[in-house]
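As a plain string of letters, each chain reads:
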Amino acid sequence: LGLLRNINPQKRRVIRENFEAYAYIAPAAIIIFAFWVFPVFLSVVVSLRNWKMLDTFDTTSWVGLTNYVRAFNDDQFIKVLINTFNYVVWSVPATLIISLAVAMLLNSRIRMRPVFRTVYFLPYVTTWVAISIVWRYFYHPQFGLGNHVLLNYFHVGELKWLLEPRGVIEMLVAPLGIRISNPVLAGPSLSMFSVIMTSIWRDIGFFMIIFLAGLQNIDQAYYEAADIDGASAWQKFRHITFPLLSPVTFFLLIISMISAWKIFVPMFIMTPEGGPDNTTATVVYYLWEKGFRGTGLLGYAAAIAYILFVIILLLTVIQNVFLGKRVQYGD
Amino acid sequence: MIIETTNLPVTIAALIVSVFIIFYLTRLAQSRGASWAMPFLGIVALVFLLVFAVVSARVIERCVRNFGGNNFSLFLYVILIYELAVAIYSITKKEGRVFSWHLKYQILLVGSVIMMLPFYWMVSSSLKTFTEAIAMPPDWIPSKLVWQNFVEAWNAMSAITYGDPPRPLTMGRYFHVSIVTGVSATVATLITAALAAYAFAKMRFYGRGLFFYIVLATMMVPGQVLLIPNYILINRLGWYDTYLALIVPWCASVFVIFLMRQFFMTIPDDLWDAAQIDGSGRFRYLWTVVVPLSKPVFITSAIFTFLANWNSLLWPLIMTTSPQMRTLMVGLQTFNQEAGQDFHLLMAASSLAIVPVVIIFFFLQRYFIQGIARTGLKD
């Protein structure tokens, strides 16, 4: 500090502020660098080596892109990608539509709005692990409420729910004598579909809250003008609500697709071992299974993780390109 | 005969659809000024009511026969009659708004029942005996409240012992691990994030833009991608299966830094000038002026950080192995695997795991909902 005395006060203050600032960001920066930034690069290294569970860097060797090539030749991995894709395209739009409907009902003049809002939001607050256990019970072929309702209130046959590997579309058209073998066209297995229903049930609250915030930002003057012009409820939705809400909808679509690609917990709890015929195994489940069970192929698992990363990154890029700065974080 | 083959939901659906059709035709006739159509509609409504009376008698019979002591169908039936009354009222009084007003509440109510049913089922099953929990048809209300289930679920793993002297492993241990991990990671995150966010928001230093860009870029990296390198790292550091592995990597959050920075930017610089005149340093200014002003953002951040920790499954599953290091979620998952069909115990354990979260939610609901609405943070 004796050194600093020879420098002019203005400069001294700048240097002092610099040191202070570095000290302030240091604790967070060290942790973020060590456990978030550095691992991104370490992950590349691991994915390019034949790294196994108990290896260190020295006991592994460079294998180039072998792990990535292997992934795309791995039937199981392709299946897992299709499973996750099915989950994404079936759960996200349904959740969006239902929650928009609920949000619009709650946004109209209604009594007890906070009560309804709490009720719809509660599933989202509770933890995936616990509610997955509850829904596993619900779907139990013998003791579950699901089959009881089907049998006694709808007088249709029993379903195997979480134990059923056939695709839902495949099951629907089977009585017509049509057979579908394409895994995408056959839809998610009933097992996966059961998980999808649970995840819709859970996520409605989250989407609803954001839709409500979006709806409340729409200027009432538009609706008043539409009323004067004698617009119907549908016209008001089609020409006012939907366009003005589209940035919110798009934002929700992207972030929910991102989080849906990363889904793991409900399948892991409700359908152990990847479900019937591996139809509920998702990408993250597969990465866990390859990386941390048995021989623990960490190199291969890291390659899978990177492929997932690329998918998610693409979605993020799409979001940023299309949305720009239209989504406001914070105030 | 058609009445013999119909079932309750089909009947309900048919009735509701017919009510809608009549209602719509009435509105249509009204708006077109077609008063001649009214008598015809009246006749249709009458026929419809007659059919309804016949069908309803059959349905009641079926209800009683099929469901025995089950009151659920009767309950549905009462709702149906109420619904019809409203529909007929709004048709005869030509008050369309009454009907849509009722419809709105009814949709919301049915939705609420669906949302709450799993919770009711969880709690009621957790209070049943084993035979009652797996009984078919199910009992909606437990005949006797078996509080013992909670004790059993709590002690389900007590065959395993840990520590010296050996203690049985209970859910208490899981709670202990989860709370220690969650609270320390949350407190640490708030401190590190407040410091970093303050520097990013209010101080000038070389590389500020670059560092902040790194923070933003890190937000895009999904945590699952980092599991493998972090597993290797944690092993290398010798933290595997310790509290350090569960806590230290979660002591900073780019998201919380970002959130706090946005809030700190809105605090006027005049306050800092005033504080300087009063002889306060930056550090003191941060903790005595900025932090109290930012209470909402701190509470929101604390909730999200704590819940992310409390709910996380994959990280503790990978980073720990011994039974005494199980967090509540890992413990619950293990119990789920081992309990098989002891649903009454599983439901008791799940209820216990949900309780703290629900309590936090009810006390801090405002911050929860504002936080989500503002940030759109998803899982």
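This structure is a prediction, so every number in the text was calculated from the model and none was measured.

Comments concerning the overall build of chain A
- The helix and strand tally for chain A stands at 13 helices and zero strands.
- From first element to last, N terminus to C terminus, chain A shows the α and β order α-α-α-α-α-α-α-α-α-α-α-α-α.
- For chain A, whose C-alpha radius of gyration is 26 Å, the value lies well above the compact-globule estimate of 20 Å for 331 residues.
- With the C-alpha coordinates of chain A rotated into their principal frame, the extents come out at 90 × 65 × 35 Å.
- Within the span of chain A, comprising 331 residues, buried residues form 53% of the whole.
- Taking contacts inside chain A between residues at least 6 apart in sequence as the whole, the part at least 24 apart equals 65%.
- Counting only carbon and sulfur atoms, one obtains 65% of the accessible surface of chain A, whose full area is about 15700 Å².
- Placing the 25 positive and 18 negative side-chain charges of chain A at their respective mean positions leaves the two points 7 Å apart.

What to know about the nonpolar core
All names here are of chain B.
- I228, M260 and F264 are the most contacted members of the largest nonpolar core, which totals 209 residues.
- Per-element accounting of this core gives the leading share, 15 residues, to helix α8 (residues 171–202).
- With residues near it in sequence (within four places) discarded, M260 still touches L190, A193, A194, A197, V297, F298 and S301.

A few points about the packing of helix α12 (residues 254–265) of chain B against helix α15 (residues 295–311) of chain B
All names here are of chain B.
- Close contact between α12 and α15 brings their axes to 10 Å; oriented N to C, the two are set at 170 degrees. Here α12 lies roughly antiparallel to α15, going by the angle between them. In contact with V256, L259, M260, F263 and F264 of α12, α15 contributes V297, F298, S301 and T305.
- When the residues that make up the contact of α12 with α15 are grouped by side-chain class, the tally is seven nonpolar, two polar and no charged.

Some details on the interface of chain A and chain B
- Taken residue by residue, the interface counts 96 residues in chain A and 107 residues in chain B.
- In total, chain A and chain B occlude about 9600 Å² of area from one another, counting both sides; carbon and sulfur atoms represent 76% of this.
- Put simply, chain A and chain B have two salt bridges between them.
- Close ionic contact of A:E17 with B:R282 constitutes a salt bridge, the shortest N to O distance being 3.3 Å.

Here we look at the pattern of salt bridges
- Within this structure, the stated rule accounts for eight salt bridges over all chains.
- The shortest N-O distance in the salt bridge between A:D277 and A:K79 comes to 3.8 Å. Of this pair, A:D277 sits in the loop between α11 (265–270) and α12 (283–292) while A:K79 is found in helix α3 (residues 75–107), placing the two residues 198 residues apart along the sequence.
- Across the pair A:E164 and A:R166 runs a salt bridge, and its minimum N-O distance is 3.3 Å.
- By relative accessible area, A:E164 is classed as buried at 7%.
- A:R166 sits in the partly exposed class, given a relative accessible area of 38%.
- Taken together, the salt bridges that share partners define one network made up of A:E17, A:E20 and B:R282.

So, the side chain of B:T186
Residue and element names in this part refer to chain B.
- By secondary structure assignment, the location of T186 is in helix α8.
- The class of T186 is buried, set by a relative accessible area of 7%.
- Within the structure, T186 has its side chain in polar contact with the backbone oxygen of G182 (distance 2.5 Å).
- Here T186 is in contact with A302, T305 and F306, once residues within four sequence places are set aside.

Calculation criteria
- Residues numbered from 1 in each chain as written.
- Chains lettered and ligands numbered in written order.
- Predicted model: local features only at pLDDT ≥ 70, side-chain atom pairs only at ≥ 80, totals over all residues.
- Heavy atoms only, no water.
- Helix = DSSP H or I, 4+ residues; strand = E, 2+ residues; numbered from the N terminus.
- Rg over C-alpha atoms; globule rule 2.2 N^0.38 Å.
- Buried < 20%, exposed > 50% of the residue type's maximum accessible area, 1.4 Å probe, protein only.
- Contact = heavy atoms within 4.5 Å.
- Areas by Shrake-Rupley, 256 points an atom, 1.4 Å probe, with all protein chains shown as cover.
- Lys, Arg positive; Asp, Glu negative; His and termini not counted.
- Charge placed at Lys NZ, Arg CZ, Asp CG, Glu CD.
- Core = buried A, V, L, I, M, F, W, Y, C linked by side-chain atoms within 4.5 Å.
- Axes fitted to C-alpha atoms, helices over the stretch in contact; angles between N-to-C directions.
- Parallel < 35°, antiparallel > 145°, perpendicular 65-115°, else oblique.
- Nonpolar A, V, L, I, M, F, W, Y, C, P; charged D, E, K, R; others polar.
- Buried area = accessible area lost by both parts, 1.4 Å probe.
- Salt bridge = Lys/Arg side-chain N within 4 Å of Asp/Glu carboxyl O.
- Polar contact = N/O pair within 3.5 Å; in protein donor to acceptor, adjacent residues only side chain to side chain.

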